[in-house]
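Single-letter residue listing:
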Amino acid sequence: MKKLITLILGLVLPVLILIGMEVVARFELTTSQLFVEPKVIFETLLDLIKGDELFINLGISTLRVFIGFVLGGAAGLLFGTVMGISRTFESYVGPIFNALRQVPVLAWIPLFIIWVGIDEGFKITFIAVTAFFPMALNTCEGVKGVSKSHLEVGAVLEFNRFKQLSTIIIPASLPAIFTGLRLVLSITWMAVVGAELVASSEGIGYMMYRARQQLQVDTVLVCILAVGLTGYTMNILLEQIEHYFLRRRKVAE
Amino acid sequence: MDVNKEVLKLRGLVVPLALLAVWWIITKNEWVSAVFLPLPETVAATFVKLFLKGKIFVDLNESITKVAKGFLVGITAGFLLGTAMGLSSTLEKLFGPLFNAVRQVPILGWIPVLILIFGLTELAKIIFIALGAFYPMTLNTFDGCRQLKKEYLEVARVFEFNKPRLLWRFILPSALPSILSGIRVSMSEAWMLVIGAEIFFKTRGGLGDMMWEAKTRVQMDIVFITILIIGLIGFILNYVMKILENRLLRWRISN
Amino acid sequence: MTQRGTLDIVNLKKTFNVNGNTTPVLENINLKVKQGEFVSIIGPSGCGKTTLLRLVIGLENSYEGQILLDGKRINGPGLDRGVVFQDHRLLPWLTVERNVGLGLEGKRNGKVVNKEIVQAHLKLVGLQGFEKVYPAQLSGGMAQRAAIARALVNQPELLLLDEPLGALDALTRMYMQLELEKIWKREAQVTMIMITHDVEEAVYLSDKVVIMSSRPGTIKKIIPVELPRPRDRASYDFMKLKEEILEEFQLHAENVFSYAI
Ligand SMILES: Nc1ncnc2c1ncn2[C@@H]1O[C@H](COP(=O)(O)OP(=O)(O)OP(=O)(O)O)[C@@H](O)[C@H]1O
Ligand SMILES: [Mg+2]
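Note that the coordinates shown come from a computational prediction; the quantities given were computed from them, not determined experimentally.

What counts, and where the lines are drawn
Residues numbered from 1 in each chain as written. Chains lettered and ligands numbered in written order. Predicted model: local features only at pLDDT ≥ 70, side-chain atom pairs only at ≥ 80, totals over all residues. Heavy atoms only, no water. Pairing = 2+ DSSP bridges. Helix = DSSP H or I, 4+ residues; strand = E, 2+ residues; numbered from the N terminus. Near = heavy atom within 4 Å. Polar contact = N/O pair within 3.5 Å; in protein donor to acceptor, adjacent residues only side chain to side chain. Areas by Shrake-Rupley, 256 points an atom, 1.4 Å probe, with all protein chains shown as cover. Nonpolar A, V, L, I, M, F, W, Y, C, P; charged D, E, K, R; others polar. Expected span 1.5 Å × (residues − 1). Contact = heavy atoms within 4.5 Å. Buried area = accessible area lost by both parts, 1.4 Å probe. Core = buried A, V, L, I, M, F, W, Y, C linked by side-chain atoms within 4.5 Å. Buried < 20%, exposed > 50% of the residue type's maximum accessible area, 1.4 Å probe, protein only. Axes fitted to C-alpha atoms, helices over the stretch in contact; angles between N-to-C directions. 1 Å grid on protein atoms, 1.4 Å probe; cavity = no way out; pocket = protein on both sides within 12 Å on 5 of 7 lines; lining within 4 Å. Points joined across faces, edges and corners; volume = space filled by probe spheres on them.

Caption draft 1: Just the pairing of strand β1 (residues 7-18) of chain C, in detail. Residue and element names in this part refer to chain C. Examined bridge by bridge, β1 and strand β2 (residues 21-33) share nine bridges and lie antiparallel to one another. Looking across to β2, one finds that L7 is bridged to V33. Turn length for the β1-β2 hairpin, with the two strands adjacent in sequence and antiparallel, is two residues, and the turn residue N19 shows positive phi of about 50°. Here β1 runs beside strand β4 (residues 64-69); their pairing, made up of five bridges, is antiparallel. For I9, the partnering residue across the bridge sits in β4 and is I67.

The following block contains the structure:
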């Protein structure tokens, strides 16, 4: 019963918006050709689902995110771990890392375009760089946050560096690493749209860009829906993975 | 093992200086075309020239005005929605699902929609920036409003506090750390998005446009300088917010 | 006409619902407290002391029986009762001064008067000079004293203290007992009810020691303490009374033991 009320309350606003749009359409309150009825959006949605344009573009974007995510994420993980463990390493590269981190990611686009061009390389580089910084930062903080007493356990047991890392440091910083991953996922997903908006001839960002130029509001909205849904699905997937890895801790608490 | 602070600071300079040296050697020997990597001194000279000419202040002003407007609109809206949802579970159930659904769309995805609705106008850009600032502000405020521990609520009951005073004395102060970090995150988000807006909406004026122009004309020195300035301003904004946080949250510091 | 600050608990029964099961926590509680009396409640952990206090505060509202303050049934918390929680519960974002003045905020006394009242109470607990300090900067004993001042500011008829000194070290605790006695003497009208785990503390401070036993929580015995004040902890009578109370627990423990066999 309570769940039902929650559900209904959550649907109130979306339904109101749809009704509002329908009313505007019925009574022809606007002459703007930009305005589309909910029905039209729905039809476009069905059309696009039936065809493969949407899925191809979505697939391309997802692949780009995946590659950039893996490359940037792995680099960030490695960099962050080393920076978290070694004070010497941190003292050398920490300041420049922090300086570069201050640059809003979108500001790198022009530089990368000049250096790498506007091909696939650009998109991957850009996405990877946006993934790198938050990943490195979160990992580093996670590793630094490993409690002294846990490390001392390792020291008492005379673990070597590798053992210390694999049995104590990495597991203990796993929650922070997952926080980083979640952050990275949403940032890379934004980055791919950005990269495709400025320089691409395929991908969901490009599809939106083209639809916008052709004033196809319905297509743009469907693309938005698709992007949001894909991002959301990936997020859930990541959450499941996190849940799987951290499940034993939850019980222990 | 203990290296003192001075040494640590000096070490931080090693990598940047080495990079500078490499850069200088590469460009001096023309191993890389000056188009892709200008001489350090060219960049320095351009930097000085830009500031002397004063055009950069116009762009700077443009970007900052825009970000200020979008940011203020975004955090105000975020604060209101965040408190509303934090204080009333009915409102949370009403707004929460829509908010969370809309939030799933990467912010840059809204650009085509905004352009379609509002055209390439100032308003479109400000809404875009405001939207970016709105999400983290809402989330943080919402979170903050639920920070108040049950124990303190009992204190409020013992002193017969009414709703407004409960809000003012208990809920908002306990939410303040969260709200302030929301403001800080929103600010850096807004600062990134103003650059984004200037690039993606492809309109005149602002640092983002200056950068994009430089890219089109392959003026690498200007690209470098704009990145530097943008990064610097981002840093300063963040730093100022941190100081503000420390001042306002003095009560958190224990002896 | 009942006097200000008298508490009358008659046939009190309290149950908690946990996962659909009703467990009795307090049963058959009868207690009379006169104006200006200092009463200690002592009993094994989990016997329902805090629950009893929360009922008197008005934080728990469903119960059977009667809790009467000055002859009137208690209905929700009120400024006529001051509370000192075990964890001092000072608001970390307010200075000591503001914390102590919390109860005055709704009153239209004017700033100057409020300030004076706060000052007087800070003096009472010996915290002058710490007005602008935040709770995080106070020691445990100081925080507890600030909490006492905060509870007294509204001139409650009844001051309820839940293990106010429980978290303190032995020396500070002894010192705070002296302070508490001083405060109680100066605020002669105030009735005080204090929960404690410390038998010596109870004997030192109280006019009456209420001994509770658990499962469900009932009052096992009420022992009046008629030693002259200031009390001498080393005196024979003091020791004897302490022994007597400790005995109660001993017996209780044996009972549990034999029951187990
Ligand atoms: N809100 C609640 N819901 C269910 N059970 C509760 C609740 N509060 C207390 N209890 C139960 O009531 C019993 C008495 O709790 P209470 O906190 O009053 O004990 P206490 O005498 O103050 O113990 P201590 O000396 O450890 O503070 C305990 O068994 C506790 O588990
Ligand atoms: Mg208790």
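Caption draft 2: Highlighting the site of ligand 1. All names here are of chain C. Close to ligand 1 lie F16, V18, V25, S45, G46, C47, G48, K49, T50, T51, E163 and H197. Residue G46 places a main-chain N or O atom 2.8 Å away from an oxygen atom belonging to ligand 1. One of the side-chain N or O atoms of T50 is found 2.6 Å from an oxygen atom in ligand 1. Considering ligand 1 on its own, with 630 Å² of exposed area, one finds that the protein chains cover 59% of that surface. Of all the secondary structure elements, the ones that give two or more residues to the shell around ligand 1 are β1 and α1 (49-57). Take the shell around ligand 1: its biggest share by element is three residues, from α1. Along the lines of polarity and charge, the residues of the shell around ligand 1 split into four nonpolar, six polar and two charged.

Caption draft 3: Spotlight on helix α3 (residues 111-124) of chain C. Spanning 14 residues, α3 of chain C covers 20 Å between terminal C-alpha atoms, matching the ideal 20 Å at 1.5 Å per step. Residue G126 of chain C follows α3 of chain C closely and has a positive phi angle near 70°.

Caption draft 4: Region of interest: the pairing of β4 of chain C. Residue and element names in this part refer to chain C. Bridge count between β4 and strand β5 (residues 72-73): two bridges; the pairing is antiparallel. Bridge pairing in β5 places L69 opposite K72. Joining the antiparallel neighbours β4 and β5 is a turn of two residues, in which D70 adopts a positive phi near 55°.

Caption draft 5: Fine view of the interface of chain A and chain B. Facing the 46 residues of chain A at the interface are 49 residues of chain B. Between chain A and chain B, roughly 4,200 Å² of surface is buried when both sides are summed, and carbon and sulfur atoms account for 81% of that area. Remark: the boundary between chain A and chain B carries four residue pairs in polar contact (both at pLDDT 80 or more). Of all the secondary-structure elements, those providing two or more residues to the side of chain A that touches chain B are α1 (2-26), α4 (87-101), α5 (109-116), α8 (161-198), α9 (204-213) and α10 (217-252) of chain A. Take the side of chain A that touches chain B: its biggest share by element is eight residues, from α10 of chain A. When the residues that make up the side of chain A that touches chain B are grouped by side-chain class, the tally is 36 nonpolar, eight polar and two charged.

Caption draft 6: Up close: the nonpolar core. Of all hydrophobic cores here, the largest spans 169 residues; its most connected members are L108, F128, F170 and L207 of chain B together with L7 of chain C. Examining the composition of this core, we find that 18 residues originate from one element, helix α8 (residues 163-200) of chain B, more than from any other. Residue contacts for L108 of chain B: discarding those within four places in its chain leaves L106, M190, V193, G194 and L197 of chain A together with F128, L193 and F200 of chain B. Counting residues in hydrophobic clusters, the runner-up holds 46 residues, among them V125, L161, I211 and I223 of chain C.

Caption draft 7: Layout of the sheet that holds β4 of chain C. All names here are of chain C. Judged by pairing direction, the sheet is antiparallel, and its four strands sit side by side in the order β2-β1-β4-β5 without closing on themselves. Since the sheet does not close on itself, it has two edges, and those belong to β2 and β5, each with one partner. Contacting β1, β2 and β4, α1 runs over the sheet at an angle of about 115° to β1.

Caption draft 8: Region of interest: the layout of surface pockets. All names here are of chain A. One number sums up the size of the second largest pocket: a volume of about 1,400 Å³. It is α10 that provides the largest number of residues to the lining of the second largest pocket, a total of nine residues. A per-class count over the lining of the second largest pocket returns 34 nonpolar, four polar and no charged.

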